[in-house]
Amino acid sequence: MNNFEFYCPTKMVFGKGSIAKLSELIDKNKKILMVYGGGSIKKNGVYDQVQEALKGFNITEFSGIEPNPTYETCMKAVEIVKRENIDFLLAVGGGSVLDGTKFIAAVSKYEGEEPYDLASKELAVKDALPLGSVMTLPATGSEMNCASVISRLSTQEKFAMRSPKVYPQFSIIDPETTYSLPIGQVRNGIVDTFVHVMELYATYDVNTPLQDSWALGLIKTLIQEAPKVIKNNEDYDAKANICWCATCGLNYWLSVGAVQDWSTHRIGHELTAFYGLAHAQSLAIVLPRLWQERKKDKASKLAKLARVVFGCQELDDLKASDCAIENTENFFNSLGMPTKLSDYDINALEAAQRVKERFETRGTLLGEDLKITPQVVYEILKNC
Ligand code: NZQ
Ligand code: ZN
């Protein structure tokens, strides 16, 4: 096992009716900016629950954070923060709203010239406004991690900012708030969670049996609960399990001391930036082909996935890896999630070329051992 440090200061408040606890979680003297998206929270009653819980608090609102939150929109919120002397940010919505809020928190305290550098150049975030969240979409794990993924419209780019300064102080998850999700978003969340766990798990073995068991236990639970929520969006118990899977899938607990590989996400982000695919749609396309390309180096972990989760009896690791790849793609398809670029009328060769060129320009090398050169990205994408 590799050396590690683990830190996560976020208080999780989970379950039915927990939005009512907001007033105990935020200091009443704070000037709050409530940040939300395109209005789902007004339709499903979450907005009203927040207003009710925070009666008498000093709240300004900022709406319009879009899916794949943009730098351009976040900067408008930063102006309000400065103008109104806001000193607490409350994100209410999905991962995009929370990621946008984390970025707003960091930029509001940033003194350099180009705030976008916090994401694109991974500059250290020295300070940030405190924030909390009410999460309405189980997917990103943003509620219990310190990452924020921001897109820039003007350059068609998507970058992640990471800093301990932007951990939410608290995150509230009431699974009932997810009943209003369209089925496509439910599916996206399940796939995103699956891929998070795999980015944390499917690399090479450094003898982390406990972490592997957690990762594979999470995947087993996800596969068991997913059909229930696809069938019935209001199955509370299944929703609660899916929500907690999503949170634990990316709070990094299950990967301490292990080796990570974020290449599926990095390639997927480019497909989103160029073609507007939803985050999870891009991942479902890339993961099976990336595994196929990197099978030899990932064989021991993929074989373990095949045997423990999918019941594969194959003794040969490479053959078992094929079983893992096939079953994973079948699982995505069983949810109704497409796994080919052609399903979205995107030409694979063109996409492969565009992403390759971009990574060449940036000098990007991906994978747990940096073996995924731009040319390898090309090989992966041309088979997508
Ligand atoms: O904008 P509103 O009107 O709120 O509607 C949203 C949005 O249209 C809607 N929605 C959210 N909760 C709802 C709901 N509709 C009905 N009922 C509800 N309860 O769903 C749509 C999608 O929301 P979004 O927040 O974009 O989805 P998600 O949570 O999947 O977030 C995706 C973003 O997170 C980033 C992705 O790249 C993408 O930008 N990621 C963030 C990560 C992190 N912070 O650690 C890691 C992930 O890998 C990911 O990259
Ligand atoms: Zn993701």
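Remember, it's a predicted structure, so these values are computed and weren't measured experimentally.

This brings us to the pairing of strand 5 (residues 131–135). Burial analysis of strand 5 places five of its five residues in the buried class, the great majority of the element. Residues Leu131, Ser133 and Met135 line one face of strand 5 and the alternating positions Gly132 and Val134 line the opposite face, and both faces are buried. In the sheet, strand 4 (residues 88–93) pairs with strand 5 via five bridges, with the strands oriented parallel. Residue pairing in the sheet places leucine 89 in a bridge with leucine 131 of strand 5. In this sheet, strand 8 (residues 170–173) lies alongside strand 5 in parallel orientation, the contact comprising three bridges. Looking across to strand 8, one finds that methionine 135 is bridged to isoleucine 173.

Looking at the zinc ion (ligand 2), the protein donor atoms are Asp192 (OD), His196 (NE2), His265 (NE2) and His279 (NE2), and they sit 2.0 to 2.2 Å from it. A relative accessible area of 6% means that histidine 265 is categorised as buried.

Split by domain assignment, the protein resolves into domain 1 (11–177) and domain 2 (182–382). Domain 1 and domain 2 are separated by 26 Å when their C-alpha centres are compared. The partner domain 2 presents 25 residues to the 23 residues of domain 1 that form the contact. Taking both partners together, domain 1 and domain 2 bury about 2000 Å²; carbon and sulfur atoms supply 61% of that area. Three residues stand out in domain 1 for area buried against domain 2, namely Pro138, Gln156 and Lys158, and they jointly supply 28% of the buried area on that side. There are five residue pairs in polar contact (both at pLDDT 80 or more) connecting domain 1 and domain 2. If you tally residues by element for the side of domain 1 that touches domain 2, the top one is strand 7 (residues 157–162), at four residues. The class makeup of the residues in the side of domain 1 that touches domain 2 is ten nonpolar, seven polar and six charged.

Our next topic: a nonpolar patch on the surface. A cluster of nonpolar side chains, contributed by Met1, Phe4, Phe6, Leu210, Trp214 and Trp253, occupies part of the molecular surface with about 620 Å² of accessible area. Locating tryptophan 253 in the fold gives a position in the loop between helix 9 (236–249) and helix 10 (263–275). For tryptophan 253, a relative accessible area of 44% corresponds to the partly exposed category.

Gly38, Ser40, Ser96, Lys158 and His196 are the nearest of the 32 residues found near ligand 1. One nitrogen or oxygen atom from the main chain of glycine 39 is found 3.0 Å from an oxygen atom belonging to ligand 1. Looking at the shell around ligand 1, the elements that each hand over two or more residues are helix 5 (95–108), strand 6 (147–152), helix 7 (183–201) and helix 10. In terms of residue class, the shell around ligand 1 is built from nine nonpolar, 20 polar and three charged. A domain split of the shell around ligand 1 shows at least three residues from each of domain 1 (11–177) and domain 2 (182–382).

Before going further, it helps to examine the pattern of salt bridges. Pairs can form between side chains of opposite charge once their charged atoms are near each other. Within this structure, the stated rule accounts for 21 salt bridges. A salt bridge links lysine 228 to glutamate 225; the nearest nitrogen and oxygen atoms lie 3.0 Å apart. With lysine 228 and glutamate 225 both in helix 8 (residues 209–231), this residue pair falls three residues apart, about one helical turn. Its salt-bridge partner being aspartate 317, residue arginine 307 comes within 2.9 Å of it at the nearest N-O pair. Residue arginine 307 is located in helix 12 (residues 295–308), and its partner aspartate 317 is located in helix 13 (residues 317–334); the two are separated by ten residues in the primary sequence. Put simply, Asp261, Arg294, Asp297, Lys298, Glu368, Asp369 and Lys371 are held in one network by salt bridges that share partners.

With that settled, the discussion passes to the packing of aromatic side chains. One pass over the full model with this rule turns up 14 aromatic pairs. Ring geometry for tyrosine 71 versus phenylalanine 103: centroids 6.1 Å apart, planes at 65°, classification edge-to-face. Placement of tyrosine 71 in helix 4 (residues 71–83) and of phenylalanine 103 in helix 5 is noted, with a sequence separation of 32 residues between them. The burial state of tyrosine 71 is the same as that of phenylalanine 103; both residues are buried. Taken together, Tyr71, Phe103, Tyr116 and Phe159 form an aromatic cluster joined through their ring pairs. Geometry around tyrosine 47 places lysine 42 over its ring, the cationic atom sitting 4.7 Å from the centre. When the ring centre of tyrosine 275 is taken as reference, the NZ or CZ atom of arginine 354 above it lies at 5.3 Å.

Rules used throughout
- Residues numbered from 1 in each chain as written.
- Chains lettered and ligands numbered in written order.
- Predicted model: local features only at pLDDT ≥ 70, side-chain atom pairs only at ≥ 80, totals over all residues.
- Heavy atoms only, no water.
- Buried < 20%, exposed > 50% of the residue type's maximum accessible area, 1.4 Å probe, protein only.
- Helix = DSSP H or I, 4+ residues; strand = E, 2+ residues; numbered from the N terminus.
- Pairing = 2+ DSSP bridges.
- Donors = N, O, S within 2.8 Å, 3.2 Å for Na, K, Ca; no water.
- Domains from an automatic or database assignment.
- Contact = heavy atoms within 4.5 Å.
- Buried area = accessible area lost by both parts, 1.4 Å probe.
- Polar contact = N/O pair within 3.5 Å; in protein donor to acceptor, adjacent residues only side chain to side chain.
- Nonpolar A, V, L, I, M, F, W, Y, C, P; charged D, E, K, R; others polar.
- Patch = residues over 30% accessible without salt bridge, like charges linked within 9 Å, V, L, I, M, F, W, Y side chains within 5 Å.
- Areas by Shrake-Rupley, 256 points an atom, 1.4 Å probe, with all protein chains shown as cover.
- Salt bridge = Lys/Arg side-chain N within 4 Å of Asp/Glu carboxyl O.
- Near = heavy atom within 4 Å.
- Phe/Tyr/Trp six-rings, centres within 6.5 Å; stacked < 30°, edge-to-face > 60°.
- Lys NZ or Arg CZ within 6 Å of the ring centre and 35° of its normal.

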